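The primary structure of each chain is shown beneath.
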Amino acid sequence: MTLTPQSAPPDAPPREPLTREPLSRRTLLRWGALGGAGVALAPLTACAGPTGAPGPGTLTLGLNRSLVSLDNKLNQFDAAVTVQRAVRQALTRIGPGMKPSLVLADRFEMAEPTAWTVRLREGVRYSDGSPVTVEDVATALRMYGKVNGSFLLGLFPELPTVEKTGPRTFLLHTQKPVPVLDRLMANIHITPAAANRPEELQNGLGSGPYQVLRANSGAGEYTLGRNPRYWGPKPSIETVRVRFVPEESSRVVALRSGEIHVVDTLTPDSADQLTGLPGVEVEETSGVRMCQLFYNFRKPEGHPLADPRVRRALTYAIDGDALVQDVLNGAAEEAGGVVPLALEGAARTGSYSYDPTKARALLTSLGATDLRIKVIWESGEFAADTSVMEAVLDMLKSVGVRASLQQFEPGGDILTWRQGRAGDWDVIGNGYGSPTGQALTTLQGMYGGTAAKERTRDAFMGYVVPQVERQLSAAATEVDDATRTSKLAVVQQAIWETWPSLWAFAPKTLLARRTRVRGMTLLPINSYDLSAVRLEG
């Protein structure tokens, strides 16, 4: 979920961002071609792991982001969900068709608009043999509620409270109706109450099909083994290794050699290189992650970017077709709304137009000449992120806007910048995933900012538009599905008219695997059920 916005671990040391010099688009594309050749020629030992090659019964995953912990309170990115849910589980999960299904609960029903009846599955235990209890659920909700800067909390209009009604049964209460609570609770992972803390949990105690055998959170490496006390069907694969391999070229080479079995979040160039190779298959599905160049909404009154007309004028400078076709190699769809159209409840609200002449004219008429735009982003926020940024820099230059790029290393301090607690910036490259499959939750997370949220810097990029927030709140509490969809369409149009993004797109979800890996059903949320995967041959 940079899916999703990314959060640095609380104790991550600050790192100096990388400031990049402008590149011409022609140079960019030429470099891209050379980079592709470099991948093919890279030595096979480039990503040899410290523990050597895996055994024949071991599945090895190569992640593009470091999995700091198996706790999702702060450590959220799409592919991590696969591993986190293999160890820690929630009451529900988002499954095929983006529909909610039951996990730790065997009953989860709306009893009334502000109350849901829940029953824990009988006999469910953690890997240490202790039972999963109602108190664990109540504590988990309280702990998630204490996290500052949480991506997940932004999806909840409010966290429910727990009223215990029996040894395995309870009611989830909310002050206002939350009609998608069954989907939202898929993101609240349950762990023993006595050991639960607001900060990221470093132990791996859970009720999932796998338990942690070895962990090196600093390196992002984990070894998982079957949980002998798992309540569900026994996983086919005995051992799963998780490795953090930041360089995509190294992940590709390791996949080709068989050292790694699955790599996620591929760039279109890498997917092209791997497609058709013996022993390798590329999985593709429509994406529900919105990637965007989002404006900084904390600009003071009188600043050019505080004017939606200026924000709109700048969008005419961006050649979206070229970015999709030449940089993203066709593996993305330009946004036609403020959330991905694949989400349930999403509405088409408009389109981006490329007209640099119009951009220049509008900027001049608005007095927004001599603009300087600073673009920041974290490496790996979305596939081909650096190439997109460098092309955008060139496009802004062509309409007389002087732009600069500032790139952050993964695990750096971009969170503090994003919250406006560090340096100033104008546009941020960001990816926002949808762990629920619902437009509503993404809209609330991105555009439901309030003055209270902004005081704690939890409003998404400072986006606080009271009218939008009121419309969203009204839609979020609407129990009737058709009426809620209608209300959401209206508010999405209102958001579009504020021109929150310089440009936005929804990338397809691309994953590559060795052909001996079977049983993998890649979901649009860039996740799959690890317990259903098997190795053949």
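Everything below is about the structure shown above.
Residues numbered from 1 in each chain as written. Predicted model: local features only at pLDDT ≥ 70, side-chain atom pairs only at ≥ 80, totals over all residues. Heavy atoms only, no water.

Novice: How would you summarise the pairing of strand β14 (residues 290-295) if you had to cite specific residues and measurements?
Specialist: Here β14 lies mainly inside the structure; 6 of its 6 residues are buried. Pairing of β14 with strand β18 (residues 427-432), which is carried by 6 bridges, proceeds in the antiparallel orientation. If you follow M290 over to β18, its bridge partner there is Y432. Pairing between β14 and strand β19 (residues 501-507): 4 bridges, direction antiparallel. Looking at the pairing, F294 lines up with S501 of β19. (Buried < 20%, exposed > 50% of the residue type's maximum accessible area, 1.4 Å probe, protein only. Helix = DSSP H or I, 4+ residues; strand = E, 2+ residues; numbered from the N terminus. Pairing = 2+ DSSP bridges.)

Novice: Account for the sheet that holds strand β20 (residues 509-514), with residues named and values stated.
Specialist: Pairing in this open sheet of 7 strands is mixed, and the strands run β9-β10-β11-β2-β12-β20-β13 from one edge to the other. Strands with a single pairing partner mark the edges of an open sheet, and in this sheet they are β9 (210-216) and β13 (280-285). Relative to strand β12 (residues 262-263), strand β2 (residues 58-63) is paired through 2 bridges, and the arrangement is parallel. From the neighbouring strand, L61 faces β12, where its bridge partner is V262. In this fold helix α2 (residues 80-87) packs onto β2, β9, β10 (221-226) and β11 (239-244), with an angle of close to 120° to the strand it touches most, β9. Running over the sheet, helix α5 (residues 248-257) touches β2, β12, β13 and β20 and is turned about 35° from β20. (Contact = heavy atoms within 4.5 Å. Axes fitted to C-alpha atoms, helices over the stretch in contact; angles between N-to-C directions.)

Novice: Any chance you could break down the pattern of salt bridges for me, citing the residues and the numbers?
Specialist: Side chains that differ in sign of charge can pair as their charged atoms come close. A complete count under the given rule lists 21 salt bridges for this structure. Its salt-bridge partner being D424, residue K299 comes within 3.0 Å of it at the nearest N-O pair. Here D424 lies in the loop between α11 (414-418) and β18 and K299 lies in the loop between β14 and α7 (308-315), a separation of 125 residues in the sequence. Given the relative accessible area of 11%, K299 is considered buried. Here R484 makes a salt bridge to D481, at a shortest N to O gap of 2.8 Å. Placement of both R484 and D481 in helix α15 (residues 481-496) is noted, with a separation of 3 residues, approximately one turn of the helix. Its relative accessible area of 9% is what places R484 among the buried residues. Within the structure, one salt-bridge network assembled from shared partners comprises K99, R183 and E344. (Salt bridge = Lys/Arg side-chain N within 4 Å of Asp/Glu carboxyl O.)

Novice: Got a sec to walk through the sheet that holds strand β5 (residues 105-112)? Specific residues and values, please.
Specialist: Within the open sheet, the 4 strands sit side by side as β5-β6-β8-β7. Their pairing is antiparallel. Here the strands that pair on one side only, and so sit at the sheet edges, are β5 and β7 (161-164). For this sheet, the mean inter-axis angle between neighbouring strands, taken without regard to orientation, is 25°. Its contacts with the sheet put helix α3 (residues 134-145) on β6 (115-120), β7 and β8 (169-173), and the angle it makes with β7 is roughly 165°.

Novice: Tell me about the pairing of β2, and name the residues and values.
Specialist: Within a regular strand, side chains alternate between the sheet's two faces. Here β2 lies mainly inside the structure; 6 of its 6 residues are buried. With burial as the criterion, each face of β2 is covered, one bearing T58, T60 and G62 and the other bearing L59, L61 and L63. Both β2 and β11 contribute to a ladder of 6 bridges, which runs parallel. Each residue of the ladder has a partner; that of L63, found in β11, is F244.

Novice: Just give me the short version of the environment of R226, but keep the residues and values in it.
Specialist: Along the chain, R226 turns up in strand β10. On the basis of relative accessibility, which here comes to 25%, the residue R226 falls in the partly exposed class. Taking the C-alpha atoms as reference points, R226 and Y210, separated by 16 residues in sequence, lie 4.5 Å from one another. When residues no more than four places from it in sequence are discounted, the contact partners of R226 are P209, Y210, Q211, K234, P235, S236, I237 and E238.

Novice: Summarise the nonpolar core; cite the residues concerned and give the values.
Specialist: Formed by 108 residues in total, the largest nonpolar core has its most connected members in L91, L314, L396 and Y447. Contacts of L91, omitting those with residues within four sequence positions, involve L102, V103, L104, A105, F108, V118, L120, V137, F170, M185 and I188. Counting residues in each nonpolar core, the second largest holds 25 residues, with L63, L67, I237 and L530 among its members. (Core = buried A, V, L, I, M, F, W, Y, C linked by side-chain atoms within 4.5 Å.)

Novice: Which residues make up the packing of helix α14 (residues 466-476) against α15, and what values go with them?
Specialist: The geometry of α14 relative to α15 is characterised by a closest axis approach of 9 Å and an angle of 165° between their N-to-C directions. As the angle between them shows, α14 and α15 are arranged roughly antiparallel. The handedness of the crossing between α14 and α15 comes out as left-handed. Residues V468, Q471, L472, A474 and A475 of α14 touch α15, and the partners they reach there are R484, K487, L488, V490, V491, A494 and I495. The residue inventory of the contact of α14 with α15, partitioned by class, reads 9 nonpolar, 1 polar and 2 charged. (Parallel < 35°, antiparallel > 145°, perpendicular 65-115°, else oblique. Left-handed = near helix turned anticlockwise from the far one by under 90°. Nonpolar A, V, L, I, M, F, W, Y, C, P; charged D, E, K, R; others polar.)

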